[in-house]
Amino acid sequence: MKRLCVYCGSNPGKSAEFLEAARELARHLVQREICLVYGGASVGIMGEIADTVLAGGGEVIGVIPQALVDKEVSHTGLTELKIVNSMHERKGIMADLSDGFIALPGGLGTLEEIFEVLTWAQLGFHHKPCALLNVKGYYDTLTQFLDHAVAEGFVASIHREMLLVEDDPHTLLEIMSTYSAPAVDKWIGRNET
Ligand code: AMP
């Protein structure tokens, strides 16, 4: 993996553990010489992970729509900042550049972003790993909900399993580096119970 996309909160969250987890993941990326691709903001967990990768001598590519340059206070010290015209362009570029996707804790934007790339994986549009870094059990109730969606017949278990979930960044990166996407078709799981 040469470049990984990390989706994460534009807020720091209430617990110091969230920011620490962002720093820890950043250090692992630097160690592995993996370039960080992210949303280009300098605020919240987004800013923290970018700052830590840069401080460690790593590379960071940010992608931000012009309309958010001021709102999210675009980061001025990145290896590269791509200013684009729309959110859709932002997400497409981030996805194309990256060899895999990780969501750290975040809000609605983070959820939307990781689920979008997961739905693309489910459709077989890409074969890259999609993962949650489950810091402090932040995503426990989300994964429970996904299990519920499988139980109720709306998500096939093969698609549910495509979302990797780990609480340790080293373990997560190991799993992602050997990930091989299952041969999926959105409709394979249709009749699964
Ligand atoms: P949040 O998780 O809501 O703090 O947002 C994290 C990042 O996701 C920010 O850079 C937001 O601009 C971005 N974001 C917010 N809404 C969306 C959306 N609908 N699609 C993609 N990204 C979004």
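For the structure itself, look to the data block above.
Below: a short report on this structure. (Residues numbered from 1 in each chain as written. Predicted model: local features only at pLDDT ≥ 70, side-chain atom pairs only at ≥ 80, totals over all residues. Heavy atoms only, no water.)

1. Section: the pattern of salt bridges
Oppositely charged side chains may form a pair once their charged atoms are brought near each other.
Turning to step 1, where the next piece is worked out: With the rule as written, the count across this model stands at nine salt bridges.
Turning to step 2, where the next piece is worked out: A salt bridge links Glu72 to Arg90, with the shortest nitrogen-to-oxygen separation between them at 3.2 Å. In this pair, Glu72 is assigned in the loop between strand E3 (60-65) and strand E4 (80-84) and Arg90 in helix H3 (residues 87-97), connecting sequence segments 18 residues apart.
Turning to step 3, where the next piece is worked out: For Glu72, a relative accessible area of 16% corresponds to the buried category.
Turning to step 4, where the next piece is worked out: You can call Arg90 buried: its relative accessible area is 3%.
Turning to step 5, where the next piece is worked out: Residue Lys91 is joined to Glu112 by a salt bridge in which the shortest nitrogen-to-oxygen separation is 2.7 Å. A residue pair is termed long-range when its members are at least 10 positions apart, and Lys91 in helix H3 and Glu112 in helix H4 (residues 108-122) qualify at 21 residues.
Turning to step 6, where the next piece is worked out: Connected through shared salt-bridge partners, Glu20, Arg23, Arg27 and Glu48 make up one network. (Salt bridge = Lys/Arg side-chain N within 4 Å of Asp/Glu carboxyl O. Helix = DSSP H or I, 4+ residues; strand = E, 2+ residues; numbered from the N terminus. Buried < 20%, exposed > 50% of the residue type's maximum accessible area, 1.4 Å probe, protein only.)

2. Points about helix H2 (residues 44-55)
Turning to step 1, where the next piece is worked out: Relative to the 16 Å expected for 12 residues at 1.5 Å per residue, H2 spans 17 Å between its end C-alpha atoms, a close match to the ideal helical length.
Turning to step 2, where the next piece is worked out: Along H2, the residues classified as buried are Gly44, Ile45, Met46, Gly47, Ile49, Ala50, Thr52 and Val53.
Turning to step 3, where the next piece is worked out: Buried residues belonging to H2 abut strand E1 (3-7), helix H1 (16-31), strand E2 (35-38), E3 and H3. (Expected span 1.5 Å × (residues − 1). Contact = heavy atoms within 4.5 Å.)

3. Brief notes about the sheet that holds E2
Turning to step 1, where the next piece is worked out: Strand order in the open sheet made by the seven strands is E4-E3-E2-E1-E5-E6-E7, with parallel pairing throughout. Of all the strands in the sheet, just E4 and strand E7 (163-166) have a single pairing partner and so form its edges. Across the sheet, the mean angle from the axis of one strand to that of its neighbour is 25°, orientation sign disregarded.
Turning to step 2, where the next piece is worked out: Pairing geometry for E1 and strand E5 (residues 101-103), over three bridges, is parallel. By the bridge assignment for E5, Val6 is matched with Ile102. (Pairing = 2+ DSSP bridges. Axes fitted to C-alpha atoms, helices over the stretch in contact; angles between N-to-C directions.)

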